[in-house]
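Coordinate inspection notes
Okay, here's what each chain looks like letter by letter:
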Amino acid sequence: MRRFTLLQNSTLALATLITGVMAGFFYTYTFKVNLALLEVDGPTYAMVQSLLNENVRHVAFFVFFFGGGVVPVIAVAVNAAHYEHISFWLIVGAAALYIFDIIAFTASVNLPLNAYTEAWDPNALPSDWAQTRTDWNQANSLRVGASGLAFLLYVSAFVVRATTGKETITPTVSQEG
C-alpha cells in the first residue's frame, strides 16, 4: 500500500476542520438560538431572526460555509491516487454530503425561508409565521445531522488511515525454562 502524503493528509485535515466548525455552528444554532427563539412572541422572533440572518453574512462565515464545499473537492482530487482505499470513499461521501445536503439544501430551503422572514413587518406578521419558524428550524436540524455526519466521515477516514496497513504485533511468551 502506498503511503499518504503530507498534502493528502493536510487537505483531509482542512476539510475535517472546516466541516467540524460548520457542524458546531449548525448545532449551536439549532440547540441554543432556535430553542431561545421558541420562547419569544412573533414580532420579537421576526426582528431577531432578521438580525441573525443579516449578521451571519460576513467573510468568516462565507469562507467556512463555502470552504466546506471547495476544500473537500480539492481533498478528493489530491487523494484520488488512493481510490482503492476506503478512506478515499469516506472523503468522497463526506464531500458529497456537505455539497448537496448543506450548500444545495441551504440554497433551496433555508435561503428562501430567510428571504421570506426578512420581508416581514414585525407589526403585521403573516398568518403562517409560526409554521415558517417551525419549517426553518426543521431545515436547520437537517443541516445539523448532515454536517455532523460529514464530519464523522472525515474523522473515520483518518481513523481508517491510521489503522489499516499496519501489522498487529502480538506479544509472545517465552517458552524458556
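Preceding block: the structure.
All of the points below concern the structure found in this document. As the structure is a computational prediction, the values presented were derived from the model and not from experiment. (Residues numbered from 1 in each chain as written. Predicted model: local features only at pLDDT ≥ 70, side-chain atom pairs only at ≥ 80, totals over all residues. Heavy atoms only, no water.)

Take the packing of helix H3 (residues 59-79) against helix H4 (residues 86-118) next. Two elements in contact, H3 and H4, have axes whose closest approach is 9 Å; the angle formed by their N-to-C orientations is 155 degrees. When the interaxial angle is binned, H3 and H4 end up roughly antiparallel. Considering how the two elements wind past one another, H3 and H4 form a crossing that is left-handed. Side by side, H3 and H4 meet where Phe-64, Phe-65, Phe-66, Gly-68, Gly-69, Pro-72, Val-73, Ala-75, Val-76 and Asn-79 of the first sit next to Phe-88, Ile-91, Val-92, Ala-95, Tyr-98, Ile-99, Ile-102, Ile-103 and Thr-106 of the second. Taken together, the residues that form the contact of H3 with H4 break down as 15 nonpolar, 4 polar and no charged. (Axes fitted to C-alpha atoms, helices over the stretch in contact; angles between N-to-C directions. Helix = DSSP H or I, 4+ residues; strand = E, 2+ residues; numbered from the N terminus. Parallel < 35°, antiparallel > 145°, perpendicular 65-115°, else oblique. Left-handed = near helix turned anticlockwise from the far one by under 90°. Contact = heavy atoms within 4.5 Å. Nonpolar A, V, L, I, M, F, W, Y, C, P; charged D, E, K, R; others polar.)

Attention shifts here to the side chain of Arg-143. Structurally, Arg-143 can be placed in helix H5 (residues 129-163). Despite being buried, Arg-143 has no salt bridge partner; Asp-101 is the closest side chain of opposite charge, sitting 11 Å away. Arg-143 has contacts with Phe-26, Asp-101, Ile-102, Phe-105, Thr-106, Asn-110 and Trp-136, leaving out every residue within four places of it along the chain. (Buried < 20%, exposed > 50% of the residue type's maximum accessible area, 1.4 Å probe, protein only. Lys, Arg positive; Asp, Glu negative; His and termini not counted. Salt bridge = Lys/Arg side-chain N within 4 Å of Asp/Glu carboxyl O.)

Here we come to the nonpolar core. Within the largest apolar cluster, 23 residues are counted, with the highest numbers of intra-cluster contacts made by Met-22, Phe-26, Phe-65, Ile-91, Tyr-98, Ile-102 and Tyr-154. The biggest single contributor to this core is H4, with 8 residues. In contact with Met-22, other than residues within four places in its own chain, are Phe-61, Phe-64, Phe-65, Tyr-98 and Ser-147. Core analysis: the second largest hydrophobic core is formed by 5 residues, Leu-37, Ala-46, Trp-120 and Trp-129 among them. (Core = buried A, V, L, I, M, F, W, Y, C linked by side-chain atoms within 4.5 Å.)

Bringing the environment of Val-40 into the picture now. On the secondary structure map, Val-40 appears in the loop between helix H1 (6-37) and helix H2 (42-56). The class for Val-40 is partly exposed, based on a relative accessible area of 25%. As a C-alpha pair, Val-40 and Ala-13 span 27 residues in sequence and 40 Å in three-dimensional space. The contacts of Val-40, once residues within four sequence positions are left out, are Tyr-45 and Arg-133.

On to H2, then. When the terminal C-alpha atoms of H2 are compared, their 21 Å separation across 15 residues agrees well with the 21 Å that a helix rising 1.5 Å per residue should span. Within the span of H2, buried status applies to Gly-42, Tyr-45, Ala-46, Gln-49, Ser-50 and Asn-53. An end-on view of H2 places all buried positions within 120 degrees of arc, on one side of the element. Looking at the buried side of H2, the elements it contacts are H1, H4 and H5. (Expected span 1.5 Å × (residues − 1). Arc of directions from axis to C-beta.)

In contact at an axis separation of 11 Å, H1 and H2 are set at 160 degrees when each is read in the N-to-C sense. With respect to H2, the axis of H1 lies roughly antiparallel. Between H1 and H2 lies a crossing whose hand is right-handed. Residue-level contacts link Phe-25, Tyr-29, Val-33 and Leu-37 of H1 to Tyr-45, Val-48, Gln-49, Leu-52 and Val-56 of H2. Residues belonging to the contact of H1 with H2 are distributed by class as follows: 8 nonpolar, 1 polar and no charged.

On to the layout of surface pockets, then. If a probe the size of a water molecule is rolled over the atoms, the empty space left behind becomes visible. Space inside the largest pocket adds up to approximately 320 Å³. For the lining of the largest pocket, the secondary-structure elements that each account for two or more residues are H1, H2, H3, H4 and H5. Counting residues per element, the lining of the largest pocket draws most heavily on H4, which supplies 6 residues. Here the residues of the lining of the largest pocket sort into 13 nonpolar, 5 polar and 2 charged. (1 Å grid on protein atoms, 1.4 Å probe; cavity = no way out; pocket = protein on both sides within 12 Å on 5 of 7 lines; lining within 4 Å. Points joined across faces, edges and corners; volume = space filled by probe spheres on them.)

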